[in-house]
Structure formats: structure tokens, C-alpha cells
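Residue-level structure breakdown
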Amino acid sequence: KPHPPRSSHGHAPKPWGPARGPALVVVMTSPFGRYRNAEAASAHLPPSSYLLASLKADCLNKPFAQRCHDLATVIEEFPAKELHTIFPWLVENIFGSLDGVILGWNLRCLQGRTNPTEYSIALDFLDPAGPMMKLVYKLQAEEYRYDFPVSYLPGPVKVSIQERILPECSLYHNKVQFPSSGGLGLNLVVNPFEYCMFYFAISLITQRNIPMSCHVSTSNSAYFVLVDRYLKWFLPIEGSVLPPPSSDPGGVPSPAPRSPAVPFTSYGMHPTSLLKRHIAHQPSVNADPASQEIWRSETLLQIFVEMWLHHYSLDMYQKMQSPHIKELFKPTEEHVLVIRLLVKHLHAFSNSFKPEPVSPSAHSHTASPLAEFKRIVIPRFVQQKLYVFLQHCFGHWPLDASFRAVLEMWLSYLQPWRYAPEKPLLSTESQPRSVSEKWAPFIQENLLMYTKLFVGFLNRALRTDLVSPKNALMVFRVAKIFAQPNLAEMIQKGEQLFLETDLVVPPRQHRLFVSPSFGGSFLSSRTPNITDVSFKVKSHVYSLEGQDFQYKQMFGPEVRNLVLRLAQQICQAQQTAKSISDHSIEATASQSFLSWFRFGPSDLNGSYTGNDLDEIGQDNIKKTDEYLEKALEYLCQIFRVQLPLCSQESLFGMKHGIHKVHGYKVKTVLSTFSPFHNHCKLIGNIT
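Right, let's get into the overall build of the protein chain. For the protein chain, the helix and strand inventory stands at 23 helices and ten strands. Intrachain contacts of the protein chain at a sequence separation of at least 6 include 77% that bridge at least 24 residues.

Within a regular strand, side chains alternate between the sheet's two faces. The two faces of strand β6 (residues 187-190) match: N187 and V189 on one face and L188 and V190 on the other face are all buried. Note: strand β3 (residues 146-149) against β6, four bridges, orientation antiparallel. Each residue of the ladder has a partner; that of P149, found in β6, is N187. Bridge count for strand β5 (residues 176-177) against β6 is two bridges, and the pairing is antiparallel.

What follows covers the nonpolar core. Core analysis: the largest hydrophobic core is formed by 175 residues, its most contacted members being W308 and W410. Sorting elements by how many residues they give to this core places helix α13 (residues 369-396) first, with 14 residues. Here W308 is in contact with A201, L204, I205, Y223, V227, H335, V338, I339, L342 and F389, once residues within four sequence places are set aside.

So, about helix α18 (residues 487-498). For α18, built from twelve residues, the straight-helix expectation of 16 Å at 1.5 Å per residue is met to within 8% by its first-to-last C-alpha distance of 17 Å. Taken residue by residue, α18 has L487, A488, M490, I491, G494, E495, L497 and F498 as its buried positions.

With that out of the way, let us pick up the pattern of salt bridges. On inspection of all chains with the given rule, the structure shows 16 salt bridges. For the salt bridge of K536 with E445, the shortest nitrogen-to-oxygen distance reads 3.8 Å. With K536 in helix α19 (residues 533-545) and E445 in helix α15 (residues 440-445), this pair connects stretches of sequence that are 91 residues apart. By relative accessible area, which is 28% here, K536 ends up partly exposed. Overall, E445 belongs to the buried group, its relative accessible area being 17%. A cluster of three or more residues bridged by salt bridges with shared partners is formed by D58, K62 and D70.

Time to look at the sheet that holds β3. One open sheet holds the three strands; their spatial order is β3-β6-β5, and the pairing between them is antiparallel. Because the sheet does not close on itself, it has two edges, and the strands there are β3 and β5.

This part takes up the packing of helix α6 (residues 131-141) against helix α8 (residues 192-202). Relative orientation and spacing of two packed helices are given, respectively, by the angle between their axes and the distance between those axes. Between α6 and α8, the least distance of the axes is 8 Å, while the angle of their chain directions is 145°. In contact with M132, M133, V136, L139 and Q140 of α6, α8 contributes P192, F193, C196 and M197.

Scoring rules and cut-offs
Residues numbered from 1 in each chain as written. Predicted model: local features only at pLDDT ≥ 70, side-chain atom pairs only at ≥ 80, totals over all residues. Heavy atoms only, no water. Helix = DSSP H or I, 4+ residues; strand = E, 2+ residues; numbered from the N terminus. Contact = heavy atoms within 4.5 Å. Buried < 20%, exposed > 50% of the residue type's maximum accessible area, 1.4 Å probe, protein only. Pairing = 2+ DSSP bridges. Core = buried A, V, L, I, M, F, W, Y, C linked by side-chain atoms within 4.5 Å. Expected span 1.5 Å × (residues − 1). Salt bridge = Lys/Arg side-chain N within 4 Å of Asp/Glu carboxyl O. Axes fitted to C-alpha atoms, helices over the stretch in contact; angles between N-to-C directions.

Written as C-alpha cells, this is what we have:
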């Protein structure tokens, strides 16, 4: 008979011992009883309601380490039938509730340096080879299903499903369950692996009431480390994905069918999964192990991309005539840093693809599923959604130093060669390495990532205070990356290919959802496989922006003028920084002199004493000048323009506080209220 839940007067149970004996022994210290004899346990297991109630009670009465140890034991010894009922509660207890009310284990704030014991235990429990994933595989083998509310999916997906339009992503196919009469809301019917990963991924973006005292380094949080572990395990750079534990028969459970009574309207083409269609509907014991390997890899990536990137659309959803098409979503720096981790890993994963050697064998052209996945993973699964995500961030992110997170994520995507296995050595003169021509196809098929977003950055830079060292650093970083030898030339070549005599681009159902075919082409399945490079570039641009898109050349006159404006602004910022520095030195010297006569700062009639420079400081003023000087040099190198006149007259301007802005000589007069805002006095037109 199962031991009933503890009374309010009971003592906390003792830890379960690891010893096993042949006799039937009920350990009464556990609130639900633990049988030392496995055979007896199977015959006398308590009802699942007692198990769930006991685990909930443990959350209040047991320390974290003991709870995890007990959970691992339960997962190991209880059958799937009992574990099935506790699984949704356990997932929510770990990752938090979808509405953000329940924090769960708060993995985003859990760090090794502040909570080393809990940090280590949580990582071990949630590791790809840990107890939680063993539970997932145990339930997966029995083909259990769980409901995930559509209302918590990203805005574009949620709206399309609510309007009976099937999303393009195969992740949602055959999973939508419509409510019965009187039912509440739509659900996705998902398997245990999908359910667990949906909760894990969405916990990054759910707004939670995290204590203000929680100051953490994102890259050192348990959540960040787990993302990295999952990527390395399920999308391995070397070798294959490790199979599930041997206790699991393996295979892909057949998806729950959706209700046929409510038809879906399909938008865009439906790129089939890398799995063959019949594999997804086979009994799990008959599934191909290689396909099972790819199923987990593909599912993990699709969930990450959908939850983290698919929060914006172009104009597709604006044509749905729905009042709920626009989702007010503001990504955080933490969110962007995790996406950057994903981008960097996907570059390394994709670059590890090794083409099969040519062989006369009949199977020489049949690559493994994992190899095919590596080859098309970025263009098929990531490119479109990342482009729209970046577009939104460039246009809506605050004009402050926090934009650095977005900037570095963008620059990481633009440089797949940084994550290639073969990295060329630097020359003896430590000159920047030249970008190899082998990357020309990537640049051409991602042309808008380089050109349109560069223009977006220019427009942001022209509106920021470049005297700030952090803002100056961002301009320097972008200029340095784009000035890598041979990169500008390859971008320009891509633009020339796009601007070649127009070819007739076949009509599409819609530009946003034209995905690459299995072979990596950006053409729809109805279009022949045309290898013309120019056509590929055009197809890339039109698939992202539509055929009515007016392309603005990065190396055209309009953008060149923006670059020249930025160059002038850089000169002005350099001179302003120098003036601030000089004024600060003078004020500091004056204050030091007056201190001999026992005058303090409050005795100087409120005049500026240089103390407002705490956030910049003399060292950072010097850094600002260095960053801007190099940025100016790189920009002139990229666009083959001469240094602006303001640089040639910088000595005179810095000495007399005079410089030029938009064809006028102006004199900088420092405000006594703020050293960061200069007032310009017009003293004559130089033209």
C-alpha cells in the first residue's frame, strides 16, 4: 500500500540510500515510498497523484540538491505511465510558467560564482545526457503527447494559426488541435522533446519579475551554458549526434493528427523536413536511426529560431486584415547575446560540412542526413528570420551603447570565415587577413545583410553622440570589419550582379516565405534549378524585400554622401573631445591651485570643474580619438574617398576651437552645465 502524504506534523524525510537488496522492503521515510526491489516496485507503485503531491511537497521542505537527487531517482525507477502525469508540472517547475508568474529555477540568474552548488547541480540535471533528458526519452518511447498553447507562440505564428493559415515552418505541421465546442483556445499537440524545448526556449523571452538585485553576466548564467551545451550536443561540429539512451527504442513518434474539420490555408511553400515524409508516420521502432538523429537536431533548431527570432514580419501579415498583427516585442541584450551564440555555432556547424569525395559508386551522391543539414541550415532555417529581426533592431533599438549587443551579433553573422576550421595565419607584418574568394557565394546570397543593414547603421551613427567612447567604438568596429581586404570588392561584385540586365523572376506566392529548396537554391519548387549567379542574387533580394523593392547601392552616390557626412561628424566629435579634454585639464589645474587657499568645489559659483567627466575620463577621451581616427581611415579605405577637409585642418581647429560642419565654420563653446553637449556659433560661410 502506498505511503500517504506526510502530515503537517511529520518530519522531513531522510535521503534515499543507494543500496539495493533482494527482499521486499518499503522505505517509509519517502512520502510516496521507495521499493528497494524493482520487481516489487512495479507491482506496488503508488497512484500518480500521490507521486505528484509528494514532489510538490518536497519543493517546500527539501533543499535543492536533495530534490534533484530524488527526482533523478524517480526518473530512473518509475515507469513512463507514472512519470507522464508529473512531466508538465516538472517542466514548469524548472523553466517557469509561460505567463512569467512562476520563476522556476531561474536559470537566467543562476551563476557559478554566486551559487556554485545549485549552479552545478542544475547543469548536471538538465544536461543533454542528464536525468531530465532521460525522462524525455522515456516518455518519447511511449509516444505521449502534451498541449502547448498557441497563445504563447510568437506573434506572427499565433496570428496565422488563429486565422487558419498554416505556418510555413514544418515544426507546426500536423500539430494544431482545435478546441471542441466550448473549449478554450488552440493548442499544439507536441511530443515530450518538443514540449521541453518549447518551455526552455520561451523562458528566455518571457518577462519575469526577476529581483532587481539579480545582476548577472549573461554568458556565465546557467541558461546561456545550457544553450551552448544543447547546440554542441544536437548540432555537433565533429562526429554525429549521440543516440538516445539504449533503454529508449528510439525513432520518431508519429505526430498527432489535427482536426480535419477546420481547413488550413497554406501561405508560402512548405519546404519538407529533411526527414522523408513516411518516416514521420512510421512506428517508432522502425524509424531510421540517422533520421532520428536529424529529427532532434532539426526540431531543436526550429524551436530556437521560432521562439527567439520570429517576432517580426515584413508586410505579409499586414495583408491579413487582422487587428492583432503587430506584436509589441522588445528584445533584451540577454536575448540578443543568446542569438549571437546561436549564430556563431551555426557558422561553425555549417562550415564543418565536408563534401563527399567523388566516386563512381552509385551512392556517391547520397550524403548523410547530418551532412545535408549542415549544408543548408543557415539559408533555410535562419537567414530570413534573422534579417527581419535585425531590421527591426536597427530601426527601433535605443540610440545608446546597449546597441553593441545587436551590432556584434550582426557582425558575427557577416563573418562566417571566423568560424571556419581552416583559419589562415596572420602575416608577419600582422596585416589583416584577406577574405577568401570562397566566401563570395555566401556574401552574394546574403547581400542585403551587408548592404542594407550597413546603410541602417550609418543612419544610426549619424544620430548618436560620437564623443562617447562606447559609440565611437561601435563605429570603429563596423568600419574595421568592412575594411577587411577583399570584402568590399566582393560586396560590390554582388551589387553588380544584382544590377545586371533584369531577368524575369517568376511570380511567388509571397516574398517572405520563399525558402531555399533542399539543394540550397532560393527559388521555389516550381522553378527550374538555374545556376546563374546573377539570378541567385536577385532571387535572394526579392525573396526578402519583394519585387517592388528599390535597391539602394552601398557603393552608390547616395550612400557615399552618407559616409561623407559621417566623416565630417567624426571630425567634429574628435575636436569636441579634444576641447572637453583641454577644458577638463584647465579646470582641474585651477581647482588644484584654489585648494591651496582652502576653496572647495562649492565655492566656485557652480562653475564646471571637470567632475562630470567621471564616465568618460581622460583615458577614455584618448580612446575616443583613437577609435574615431581609425574608423575614419577605414571608411575612406572602403569607399575610396579622401580624408575630409576637417581632418586636414584639425590642428588649427583644435587649437582655436574652430571646425567645419556642412560647409560652415563653427566654433565650439562648451556649456558650463554639461561637457557632452556643445553649442555651435556660426562665424561665416567658407563657401
